[in-house]
There are 2 protein chains.
Amino acid sequence: MRWNLPPGQMPEAWFNVVPQLPEPLQPDLHPGTREPVGPDDLSPLFPMALIGQEVTSEPWVDIPGEVIDVLRLWRPTPLVRAQRLERALGTPARIYYKDESVSPAGSHKPNTAVPQAFYNKQAGITRLATETGAGQWGSALAFACALFGLECKVYMVRASYNQKPYRRVMMEVWGGSVVPSPVDDPDSPGSLGSAISDAVRDAVSREDTHYSLGSVLNHVLLHQTVIGLEAKEQLASAGERLPDIVIGSCGGGSNLGGISLPFVPDAGVDLLAVEPSSCPTLTEGTFRYDFADVAKMTPLLPMYTLGHEFMPPSIHAGGLRYHGDAPIISDLVKAGRMRAVAYPQGKVFEAAVQFARTQGTIPAPETAHAIRAVMDEALAAKQAGEEKVILFSYSGHGLLDLGAYDDFLHGRLDRD
Amino acid sequence: MRWNLPPGQMPEAWFNVVPQLPEPLQPDLHPGTREPVGPDDLSPLFPMALIGQEVTSEPWVDIPGEVIDVLRLWRPTPLVRAQRLERALGTPARIYYKDESVSPAGSHKPNTAVPQAFYNKQAGITRLATETGAGQWGSALAFACALFGLECKVYMVRASYNQKPYRRVMMEVWGGSVVPSPVDDPDSPGSLGSAISDAVRDAVSREDTHYSLGSVLNHVLLHQTVIGLEAKEQLASAGERLPDIVIGSCGGGSNLGGISLPFVPDAGVDLLAVEPSSCPTLTEGTFRYDFADVAKMTPLLPMYTLGHEFMPPSIHAGGLRYHGDAPIISDLVKAGRMRAVAYPQGKVFEAAVQFARTQGTIPAPETAHAIRAVMDEALAAKQAGEEKVILFSYSGHGLLDLGAYDDFLHGRLDRD
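Only a predicted model underlies this, so the values are computations on that prediction, with no experimental measurement involved.

### Describing the overall build of chain A
Thinking step 1. Helices and strands together make up the secondary structure of chain A, namely 17 helices and 15 strands.
Thinking step 2. The globule rule puts the C-alpha radius of gyration for 416 residues at 22 Å, and the 20 Å found for chain A is close to it.
Thinking step 3. In terms of its C-alpha atoms, chain A occupies a principal-axis envelope of roughly 60 × 50 × 40 Å.
Thinking step 4. When each of the 416 residues of chain A is scored for burial, the buried share is 66%.
Thinking step 5. Sequence-distant contacts in chain A: of pairs separated by 6 or more residues, those separated by 24 or more amount to 76%.
Thinking step 6. Entry remark: accessible area of chain A is about 13500 Å², with carbon and sulfur atoms responsible for 49%.
Thinking step 7. In chain A, the 34 positive side-chain charges and the 48 negative ones have mean positions that sit 7 Å from each other.

Dropping the structure here:
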């Protein structure tokens, strides 16, 4: 069963969780002076509108009409009740998911790519530079740039560039230009941290170019709150009150923030972050100031981190291979308002295949992390005989990740 | 702008065009006796429910509840107005498309895979055999079999099997078993006609197994009419009356039939079939009895054909590489109720990229044939200053066809 909000009923404002965080957010620090960064420090990279959103304490931020015009190509996204999965698990829990895979780029990423492209265009910028790991973010930004007539340059982690030619082609269909990163070391497989350095270097060296980041920052999580805001309304149409638990996979934190932040003020709602056990930032990292990139060009962020030089193993959920977490997510976990759990990828792909064979659709490996946790929560509810309401973000489809499924089905996947 | 029918408002019956065809449909003939085939001839291949649907003259056929239960995982599909494309073309035409790419398998094919799996299961069959060219049909049937607990064996045209490993993996995720065809000649690249022979041979040799076909037959087109039926209602919600023209790409004819057959009784509605100029069955074939497969195991069908031994060039729109057309479509074209046009693939991919850069989504190469014709009709409307209403079927996404886009963008695609 699906609940569609009527077109024209997507949210008109983003929800800003910052004034409602359990502990005040600590400021980002300048990498040289270690003083709090100000607008002037960020203006070579971002337009003023986004810098303002990064620090605003307004509870709501209006979504510009031109952004709504694009988002409504696929929003509101459906809320789906996973009844076939419920029956397969024999659980009394009711499982709902917000289907973000229906966007043109196939994930939640365009929710922020579109406003970022819009505000940059409005500020007279004609070209955006960014990094991408598995390719979800790069393709979202290439899509958004195509619709606003901006050039898009994507630095793609070399290992992915070589292993995932389809993601590159997708960006090129939308007119993006894609190069493998690190650009100065053709022998390195690269990492998200080093690709960020390449993109920032590009942006600061050209007047016409800004930088665009697909996760971690406050304004990115702000833009993603359309997911949770719509879900809240749709759950009400489905006859539910608040969910008992909200679950999202967490790399940098944008997907998780999108589904969960609108529920932060609802004290009874359990919030759960799911990460890979091979890159366990929230479950095994430490909370401290750290750089967002390898070359230490970015501000220092207050976050859970494994260290900016952490080189994650080459797991298939490329979108979850980041050494840190969004400061907002870190704040919530540190204060105990959000829990975190980690899974090895073998158990994650088992969940993914069971989902595909019951609900029909093939999830992204990142999304399958959330699905693994959903199944375990649903089975716990069965043991306890509780009619829990579980909400999760189906953050993307796995149609460009079928190589990983191939490895899993034929016993070639490292299960850790 | 999108129009969603509320969930729970998908059609409850399929529309049978046969009693309303301009000329009575000629019977299929037994390949040996050349007499009209009867139910006994077909019963080794199909369950009686489908054989009945193949020959029924009832105007409507009820959709079983268990079929509706699965179809509603993604149906009703959205009707979308392509306003960005309209603006890019500067046309006064209003362009609407029915988005069939939202199904789990990414195309319209599950609309018939699901009822075929259901009726076979109901008849006590535990295993289905089929063929697939590019992989759209095979993945749809593997998906449907997963949901009904049937085994699925897919004979995949060897050239596609080697070039499109992701399609094979997709079928395997749903539990399907996939082998390259022809099975008895590992050096042959194969064709749809020879893969049909392999699948039919499998089905007739096992008691537990039936055969399943993804296009051409009357019952397949019947199942696809949900597309056009929903579109008609959604156009009304959008404030339109009947469309001036309905456009669909045509391989075997199931997608085209799905969007267009419900409009056959509406005399003023222009119906347009679009095919590749390298496999021009309707525009250059002849109407006569011919076999559906290379090995001449199937009944003889009254249809436009290029000859059952026609070996189509290896164009990227694999779903359109079939030597014949559905008898229902052939009847409509022969009687002048439907027009046909053919395009070379260079012009088709130009349209596909323009669509992706305006509307955002990347269409399947098959779908892009329809889009090419839509653009040309919209430009003709601009020249004539006419406010035409154009409806087409967005039959599938191109996310597993990005290799073809890569060839096109880098000048490696044969433009013919």
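Additional details are given in the paragraphs that follow.
### Points about the relation of the copies chain B and chain A
Thinking step 1. Taken as rigid bodies, chain B and chain A are interconverted by a rotation of 180° and an axial shift of 0.0 Å, the fit giving an RMSD of 0.0 Å. What we have between these two chains is a two-fold relation.
Thinking step 2. Looking at chain B, 100% of its interface residues are interface residues in chain A too, so the copies touch through the same face.

### What about the packing of helix α15 (residues 345-359) of chain B against helix α16 (residues 365-384) of chain B?
All names here are of chain B.
Thinking step 1. Two elements in contact, α15 and α16, have axes whose closest approach is 8 Å; the angle formed by their N-to-C orientations is 85°. Classified by the angle their axes make, α15 and α16 are roughly perpendicular. When α15 is examined against α16, the residues Lys-347, Val-348, Phe-349, Glu-350, Ala-351, Ala-352, Gln-354 and Phe-355 are found in contact with a partner set consisting of Pro-365, Ala-368, His-369, Ile-371, Arg-372 and Met-375.
Thinking step 2. Among the residues making up the contact of α15 with α16, the classes are represented as nine nonpolar, two polar and three charged.

### Here we look at the environment of Val-333 of chain A
Residues and elements named next belong to chain A.
Thinking step 1. By the secondary structure assignment, Val-333 is in helix α14 (residues 327-334).
Thinking step 2. Considering only alpha carbons, one finds Val-333 and Leu-73, 260 residues apart in sequence, at a separation of 34 Å.
Thinking step 3. Apart from the residues lying within four places of it in its own chain, the contact partners of Val-333 are Leu-282, Tyr-304 and Met-338.

### Describing the nonpolar core
Thinking step 1. Within the largest apolar cluster, 222 residues are counted, with the highest numbers of intra-cluster contacts made by Ile-247 and Phe-392 of chain A together with Ile-247 and Phe-392 of chain B.
Thinking step 2. Apart from residues no more than four positions distant in its own chain, Phe-392 of chain A is found in contact with Ile-95, Tyr-96, Tyr-97, Lys-98, Ile-247, Ile-259, Phe-355, Ala-370, Ile-371 and Val-374 of chain A.

### Overview of the packing of aromatic side chains
Two aromatic rings, taken as a pair, are described by how far apart their centres are and by the angle between their planes.
All names here are of chain A.
Thinking step 1. The tally for this structure, following the rule as stated, stands at 27 aromatic pairs over all chains.
Thinking step 2. Among the aromatic residues, those joined into a cluster by ring pairs are Tyr-97, Phe-355, Phe-392 and Tyr-394.
Thinking step 3. Lying over the aromatic face of Phe-263, Lys-232 brings its terminal NZ or CZ to 5.1 Å of the ring centre.
Thinking step 4. A cation sits over an aromatic face here: Lys-334 above Phe-287, 4.8 Å from the ring centre.

### Side note on the side chain of Glu-275 of chain B
Residues and elements named next belong to chain B.
Thinking step 1. Note on placement: Glu-275 falls in strand β11 (residues 270-276).
Thinking step 2. No salt bridge forms around the buried Glu-275; measuring N to O, its nearest opposite-charge neighbour Arg-339 is 12 Å away.
Thinking step 3. Residues within four places of Glu-275 in sequence aside, it is in contact with Cys-250, Pro-280, Thr-281, Leu-282, Thr-283, Val-341, Ala-342, Tyr-343 and His-369.

### A look at the sheet that holds strand β7 (residues 151-157) of chain A
Pairing between the strands of a sheet comes from backbone hydrogen bonds, and it takes one of two forms, parallel or antiparallel.
Residues and elements named next belong to chain A.
Thinking step 1. Taken in spatial order, the four strands make up an open sheet running β8-β7-β6-β9, and their pairing is parallel. The open sheet has two edge strands with one neighbour each: β8 (177-181) and β9 (209-211). Neighbour-to-neighbour, the strand axes of the sheet open up by a mean angle of 25°, direction not taken into account.
Thinking step 2. Taken together, the five bridges between β7 and β8 define a ladder with parallel strand orientation. Each residue of the ladder has a partner; that of Lys-153, found in β8, is Ser-177.
Thinking step 3. Sheet strands touched by helix α6 (residues 136-148): β6 (127-132) and β7. Its angle to β6, the strand with the most contacts, is close to 165°.

### Considerations on the side chain of Ser-393 of chain B
All names here are of chain B.
Thinking step 1. For Ser-393, the position within the fold is in strand β15 (residues 389-394).
Thinking step 2. The class of Ser-393 is buried, set by a relative accessible area of 0%.
Thinking step 3. In terms of polar contacts, Ser-393 uses its side chain to reach the side chain of Asn-255, at 2.6 Å.
Thinking step 4. Sequence-distant contacts of Ser-393, that is, excluding residues within four places in its chain, are made with Lys-98, Glu-100, Ile-247, Asn-255, Ile-259, Thr-367 and Ala-370.

### A closer look at the interface of chain B and chain A
Thinking step 1. Chain B puts 43 residues into the contact, and the matching count from chain A is 43 residues.
Thinking step 2. Across the interface of chain B and chain A, roughly 3900 Å² is buried in total on both sides, 60% from carbon and sulfur atoms.
Thinking step 3. Inspection of the region where chain B meets chain A yields two salt bridges.
Thinking step 4. The salt bridge partner of Arg-168 of chain A is Asp-406 of chain B, with a shortest N-O separation of 3.2 Å.
Thinking step 5. Where chain B touches chain A, the interface holds ten residue pairs in polar contact (both at pLDDT 80 or more).
Thinking step 6. Looking at the side of chain B that touches chain A, the elements that each hand over two or more residues are α3 (65-71), α6 (136-148), α8 (165-173), α15 and α17 (402-409) of chain B.
Thinking step 7. If one sorts the elements of the side of chain B that touches chain A by residue count, α8 of chain B sits on top with six residues.
Thinking step 8. Its residues placed into classes, the side of chain B that touches chain A shows 24 nonpolar, nine polar and ten charged.

### Examining the sheet that holds strand β10 (residues 245-249) of chain A
Residue and element names in this part refer to chain A.
Thinking step 1. Spatial strand order, β1-β4-β5-β15-β10-β11-β14: seven strands in an open sheet with mixed pairing. Single-partner strands in this sheet number two, and they are β1 (2-3) and β14 (339-343).
Thinking step 2. Alignment of β1 against strand β4 (residues 79-81), held across two bridges, turns out to be antiparallel. Counterpart to Arg-2 in the pairing with β4 is Val-80.
Thinking step 3. This element, helix α11 (residues 226-237), spans β1, β4, β5 (94-99) and β15 (389-394) of the sheet and lies at about 135° to β5.

### Focus: α16 of chain B
Thinking step 1. Between its terminal C-alpha atoms α16 of chain B stretches 29 Å, which fits the 28 Å expected from 20 residues at 1.5 Å a residue.
Thinking step 2. Of the residues one or two after α16 of chain B, Gly-385 of chain B is the one with positive phi, at around 65°.

### Some thoughts on unusual backbone geometry
Thinking step 1. Residue Pro-182 of chain A follows Ser-181 of chain A across a cis peptide bond; omega there is 5°.
Thinking step 2. Here Pro-182 of chain A lies in the loop between β8 and α9 (192-204).
Thinking step 3. A cis amide bond links Arg-75 of chain B with the next residue in sequence, Pro-76 of chain B, at an omega value of -5°.
Thinking step 4. With phi around 70°, Val-216 of chain A is a residue other than glycine that occupies positive phi space.
Thinking step 5. Examined against the element boundaries, Val-216 of chain A turns out to sit in the loop between β9 and α10 (218-224).

So, how was this worked out
- Residues numbered from 1 in each chain as written.
- Chains lettered and ligands numbered in written order.
- Predicted model: local features only at pLDDT ≥ 70, side-chain atom pairs only at ≥ 80, totals over all residues.
- Heavy atoms only, no water.
- Helix = DSSP H or I, 4+ residues; strand = E, 2+ residues; numbered from the N terminus.
- Rg over C-alpha atoms; globule rule 2.2 N^0.38 Å.
- Buried < 20%, exposed > 50% of the residue type's maximum accessible area, 1.4 Å probe, protein only.
- Contact = heavy atoms within 4.5 Å.
- Areas by Shrake-Rupley, 256 points an atom, 1.4 Å probe, with all protein chains shown as cover.
- Lys, Arg positive; Asp, Glu negative; His and termini not counted.
- Charge placed at Lys NZ, Arg CZ, Asp CG, Glu CD.
- Least-squares fit on C-alpha atoms with pLDDT ≥ 70 in both.
- Axes fitted to C-alpha atoms, helices over the stretch in contact; angles between N-to-C directions.
- Parallel < 35°, antiparallel > 145°, perpendicular 65-115°, else oblique.
- Nonpolar A, V, L, I, M, F, W, Y, C, P; charged D, E, K, R; others polar.
- Core = buried A, V, L, I, M, F, W, Y, C linked by side-chain atoms within 4.5 Å.
- Phe/Tyr/Trp six-rings, centres within 6.5 Å; stacked < 30°, edge-to-face > 60°.
- Lys NZ or Arg CZ within 6 Å of the ring centre and 35° of its normal.
- Salt bridge = Lys/Arg side-chain N within 4 Å of Asp/Glu carboxyl O.
- Pairing = 2+ DSSP bridges.
- Polar contact = N/O pair within 3.5 Å; in protein donor to acceptor, adjacent residues only side chain to side chain.
- Buried area = accessible area lost by both parts, 1.4 Å probe.
- Expected span 1.5 Å × (residues − 1).

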